[in-house]
Structure formats: structure tokens, C-alpha cells
Amino acid sequence: MREKLAINGGTPVRDTFLQYGRQYIDEEDISKVVEVLKGDYLTTGPYVKNFEESLAKKVGAKYAVAVTSGTAALHCAVLAAGISKGDEVLVTPMTFAASANCILYVGATPVFVDIEENTGNIDVSKIEEKITDKTKAIIAVSYRGNPVKIDEIMSVAKKHNLIVVEDAAHAIGAKYKDSYVGNNADMTIFSFHPVKHITTGEGGAITTNNFEFYRKLIEMRSHGITRNIELMENKDDPWYYEQVDLGYNYRMPDINAALGISQMKKLDVFIDKRKELSSLYSEILKDNKYVTLLEDTEGGFNSEHIYVIKLNLERLNCTRREIYSALIKENIGVNVHYIPVYFHPYYRKLGYKRGICPVCEEFYERIITLPLHVSMSKNDVISVIKALDKIFKYYSIEA
Ligand SMILES: *Cc1c(COP(=O)(O)O)cnc(C)c1O
């Protein structure tokens, strides 16, 4: 007998909807933001500086530059890397479109490199075959919070004289071989969107150990303007500043940075909580015949941004879409991370065709993201598992 599903009018496993991700804000966060509102500066001031210092310190990098979003951080990084029209940049397709869009912003060409089927990260062994004499950089995404093999990527890059940008929008607090993500690539970008580990409302940052990149990032964040006397033609007039390049207004306001400062203090606690919840998922799902768990990079510490599983669809009498819809009807806020970037109509119009990264395409067909955020309890995880079990039983080929 098939059990009644919520889709067929049965009662959902949960009576309230569980979001797949959300921010955690407490009174301390609120009073820190209020402090700025009562003060002298609203936009980029002492709080931004303080936030940058705490980020740099956390990841062990020399410099951090806060900007208005992770996307702005990617744009600034690509500009600071000197990438422009005619250049090619290698990037993974298993990411949010912004990781590749930044390449298009500067008129360069994204070249997609396939992924590892067990982690979803860029397959380092496939990087070299995509390098041409136009290749200038690699943008590697530490997908889910699981770090890329940055040492291997850096050594391929060194051999071919490429700049490496790590997109660590998922991976603040992650480590590779005991070194924090943010300290190993030429530049690393972070996002502080509300679904990420810590939030500033909207916000992002770049960390680097290279002073030249740092200097360029500072210029790009604010119209290409410098106040560095050594870089200016007019060194005499005290009010003087010079626009030396074409930049943007990507300055993070102090209002947002205040929230970031307060959130940063909770980062380790947030990661512990995410670890606890994701371990519980893995513990329960590891022997489930309808699920394949993703793996973590050897020598890495996954800071657990999203919990992605692969569905063993060959054992189920349904599509991923049916599982997805059934979970939503059970009040489980699932998601799919990600649609391969070159599947989007905009990329198709640019000439990208299906089939260029077959592992990624097969991966995409099976993945589903289960809810994972700091406000969740272990019982929430149990309710997700219950809903999955109910749906798997319903659709099982053996049923
Ligand atoms: C969130 C995200 C971004 C973009 O960050 P925003 O702050 O939303 O602009 C870029 N790359 C990845 C992998 C992301 O998850």
C-alpha cells in the first residue's frame, strides 16, 4: 500500500515551512547597527575598517577589502587581476552565475572546466587541457564550504603564469591543510548575503596577501580614485585626490559593516552548529539506498554552507522534480545548487552548448539541497529525513 503523500491530500510531515537557508540575528547584532545610526558616519568609515581587520585576522590574510556584495568582490578581483577583453578565464560551471559573470563584465571569456563528481568542486586534473595562450586566471569555487585543492591549483597556475581567485562565498571559516580559505589564493572573495554563514544584509569582501592587488582593489571599490601621494601627479594641494583608473562605487556602508563585526564574533559558533546539523544528516543518510552523499576534499575542513545530496534516481519511480515538489509540500524548503552556469539562456546565446562539462551536467540532474542554517534544531533535521523517507517509500521502484 502506498502511503498518502501531502501531494495527495495527506498531512505534511511538518506544519511550518522550513527554509533552506536564512540569517541568524540577535540583540547584539541589532544594537551594533543602532550604534552606527546614532554616530557620525553612515557609509564607509571606522566600522568598515574594523570589519576588514577582523576578516583579515580570521583568515590569516594581510589585507581585506569590504565591498557591497560578493558579486562586486568578484568584479573588483577580476579588475585587480588586470583581466580584460580577449583574455580567457577558467571557471567551474557548478556555481552561482556571478562567478562567471564577472569575467564577462570585463569583456573576457569564461572557459568552463568540469567538476569532480564526488565533491562538486573543479576537477584540477582537467584544468591544464583548457589552458591556451589567452588564459589569464582561474576562478575556483569552494562549493558547499568544502575547500578546493588550492595548493594543486596554485601550482598549475604558477606553471602557466595565471592568477587564482578563490570564490569562497560558501567557505568562510573553511580550511585546506590547516590554512584558512582566504589566505592561499592570489585573491579570495566572500559574500555576506543573508543565506551565507555571516551577513551584512548585502555585502562582500576580498582578501589578499599581495599589496599591489590590495591597492588596485581599493581603487576599484571607489571610482578608481587614489589618495596615495606616491601614485598622484599633483603632490602639493592638500585637498587633492586623483582618479587614476576607471572604478565603481562598491563601498560598503558602516551600517552593514557593524552587522558584519557583530556576526563575525559568532562565526565559529555558527560553523559548529552547521557542522552538528550536517553531521546528523550524513549519519542518518549514509546507508540510505536512495541517496549518495557528497564527499569532502582530503585534507580540507568543510565549513558547511549548504547540504547537498545526490538522488539515486535509478531506484526511484520519479524525477528529481517530483521529489522536489513533494518535499515542498511536506513543508521542507529544498533548493537546487546549481544550474550549470552555461545552461542559462544568456550563456547559450553566447554560444555555450550542452555537453562541454558532462560530469557537471550529470551531477546537476541528481542534486538537491536540504535545509541547513543556524536557527535549525536537530528535530528539524529529523523532520527532513522523515519527509524524505516518506517520499522515497512512495516512489520506490521496489514498492
Ligand atoms: C552568493 C554567491 C556569490 C555572489 O554573492 P552576492 O553577495 O550575492 O553578490 C558568488 N558566488 C557564489 C558561489 C555564491 O554562492
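None of the values given here were measured: they were computed from a predicted structure.

Draft legend 1. Expanded view of the overall build of the chain. Across its full length, the chain carries 12 helices and 15 strands. For 399 residues, the compact-globule estimate of 2.2 N^0.38 gives 21 Å, and the C-alpha radius of gyration of the chain, at 22 Å, lies within 12% of that figure. Looking at the chain as a whole, 56% of its 399 residues are labelled buried. Intrachain contacts of the chain at a sequence separation of at least 6 include 73% that bridge at least 24 residues. Approximately 17,700 Å² of the chain is accessible, and the part contributed by carbon and sulfur atoms is 50%.

Draft legend 2. Molecular detail of the side chain of Arg144. Within the secondary structure layout, Arg144 lies in the loop between β4 (135–141) and α5 (150–160). From its side chain, Arg144 meets the backbone oxygen of Thr119 in a polar contact 3.2 Å long. With near-sequence residues (within four places) excluded, Arg144 lies in contact with Thr119, His170, Leu294, Glu295, Asp296, Asn302, Glu304, His305, Ile306 and Val308.

Draft legend 3. Quick look at the pairing of strand β14 (residues 307–311). Counting buried positions along β14 yields 5 of 5 residues, so the element is predominantly enclosed. Burial of the side chains of β14 extends over both faces: Tyr307, Ile309 and Leu311 are buried on one face and Val308 and Lys310 on the other. Across 3 bridges, the pairing between strand β12 (residues 291–293) and β14 is antiparallel. The partner of Leu293 across the bridge, within β14, is Ile309.

Draft legend 4. Representation of the layout of surface pockets. By volume, the largest pocket amounts to about 600 Å³. Surrounding the largest pocket, 26 residues form its lining, Glu52, Tyr214, Ile218, Glu219 and Arg221 being those nearest its centre. For the lining of the largest pocket, the secondary-structure elements that each account for two or more residues are α2 (46–59), β1 (63–67), α6 (211–221) and β10 (225–226). When contributions to the lining of the second largest pocket are tallied by element, the ones reaching two or more residues are α3 (70–80), α4 (98–105) and β8 (187–191).

Draft legend 5. Spatial organisation of helix α8 (residues 267–285). Between the first and last C-alpha of α8 there are 27 Å, a value that for 19 residues agrees with the 27 Å anticipated at 1.5 Å per step. Of all the positions in α8, only Leu267, Phe270, Ile271, Arg274, Leu277, Ser278, Leu280, Tyr281 and Leu285 are classed as buried.

Draft legend 6. Highlighting empty space enclosed by the protein. Taken as a whole and judged by the stated rule, the model has 1 cavity of 30 Å³ or more. Its boundaries defined by the atoms lining it, the largest cavity holds a volume of some 40 Å³. Arg22, Gln23, Tyr24, Pro194, Lys196, His197, Ile198, Thr199, Gln263, Phe270 and Val374 are the residues that line the largest cavity. For the lining of the largest cavity, a count of residues per class yields 5 nonpolar, 4 polar and 2 charged.

Draft legend 7. Local environment of the site of the ligand. What surrounds the ligand is a group of 15 residues, the closest being Gly70, Thr71, Asp167, Ser191 and Lys196. With respect to the ligand, the side chain of Asp167 contributes an N or O atom lying 2.8 Å from a nitrogen atom. A distance of 3.2 Å separates an oxygen atom of the ligand from a polar side-chain atom of Tyr338. Assessed atom by atom at 2 Å from the grid points, the ligand resides in the second largest pocket. Broken down by element, the shell around the ligand gets its largest block of residues, 3 residues, from α3. Along the lines of polarity and charge, the residues of the shell around the ligand split into 5 nonpolar, 8 polar and 2 charged.

Draft legend 8. Representation of helix α11 (residues 358–366) in the model. Here α11 has its buried residues at Cys360, Glu361, Phe363, Tyr364 and Arg366. On its buried face, α11 sits against β14, α9 (320–329) and β15 (367–370).

Draft legend 9. Representation of the pattern of salt bridges within the structure. Evaluation of the coordinates by the stated rule reveals 26 salt bridges. In this structure, Lys177 and Asp151 form a salt bridge, with 2.7 Å as the shortest nitrogen-oxygen distance. Of this pair, Lys177 sits in the loop between β6 (175–176) and β7 (179–180) while Asp151 is found in helix α5, placing the two residues 26 residues apart along the sequence. Here the residues in one salt-bridge network are Asp26, Glu28, Asp29, Lys265 and Lys266, joined through shared partners.

Draft legend 10. Broad picture of the domain arrangement of the chain. The domain boundaries assigned to the chain delineate domain 1 (6–20 + 267–395) and domain 2 (27–264). Centre-to-centre separation of domain 1 and domain 2, based on C-alpha positions: 28 Å. The partner domain 2 presents 43 residues to the 39 residues of domain 1 that form the contact. Interface of domain 1 and domain 2: buried area, both sides summed, is about 3,400 Å²; carbon and sulfur atoms make up 60% of it. Three residues, Leu267, His305 and Tyr338, lead the burial of domain 1 against domain 2; their summed loss comes to 21% of the area buried on that side. Applying the counting criterion to the domain 1 and domain 2 interface returns 2 salt bridges.

Draft legend 11. Fine view of the pairing of β1. Most of β1 is tucked away: 5 of the 5 residues are buried. Burial of β1 is two-sided: the residues Tyr63, Val65 and Val67 facing one way and the residues Ala64 and Ala66 facing the other way are all buried.

Draft legend 12. Just the sheet that holds strand β3 (residues 109–112), in detail. Ordered by their spatial adjacency, 7 strands build an open sheet running β1-β9-β8-β5-β4-β2-β3, and the pairing between neighbours is mixed. In this open sheet, the two edge strands, each paired with only one partner strand, are β1 and β3. The mean angle between the axes of side-by-side strands here comes to 25 degrees, regardless of whether they run parallel or antiparallel. This element, α4, spans β2 (88–91), β3, β4 and β5 (163–167) of the sheet and lies at about 145 degrees to β3.

Draft legend 13. Unusual backbone geometry, seen in detail. Along the chain, His337 connects to Tyr338 via a cis peptide bond; the corresponding omega equals 5 degrees. Within the secondary structure, Tyr338 is located in the loop between α9 and α10 (345–349). One non-glycine residue, Asp178, lies in positive phi territory at about 70 degrees.

Rules behind the numbers
- Residues numbered from 1 in each chain as written.
- Predicted model: local features only at pLDDT ≥ 70, side-chain atom pairs only at ≥ 80, totals over all residues.
- Heavy atoms only, no water.
- Helix = DSSP H or I, 4+ residues; strand = E, 2+ residues; numbered from the N terminus.
- Rg over C-alpha atoms; globule rule 2.2 N^0.38 Å.
- Buried < 20%, exposed > 50% of the residue type's maximum accessible area, 1.4 Å probe, protein only.
- Contact = heavy atoms within 4.5 Å.
- Areas by Shrake-Rupley, 256 points an atom, 1.4 Å probe, with all protein chains shown as cover.
- Polar contact = N/O pair within 3.5 Å; in protein donor to acceptor, adjacent residues only side chain to side chain.
- Pairing = 2+ DSSP bridges.
- 1 Å grid on protein atoms, 1.4 Å probe; cavity = no way out; pocket = protein on both sides within 12 Å on 5 of 7 lines; lining within 4 Å.
- Points joined across faces, edges and corners; volume = space filled by probe spheres on them.
- Expected span 1.5 Å × (residues − 1).
- Nonpolar A, V, L, I, M, F, W, Y, C, P; charged D, E, K, R; others polar.
- Near = heavy atom within 4 Å.
- Sits in = over half its atoms within 2 Å of the grid points.
- Salt bridge = Lys/Arg side-chain N within 4 Å of Asp/Glu carboxyl O.
- Domains from an automatic or database assignment.
- Buried area = accessible area lost by both parts, 1.4 Å probe.
- Axes fitted to C-alpha atoms, helices over the stretch in contact; angles between N-to-C directions.

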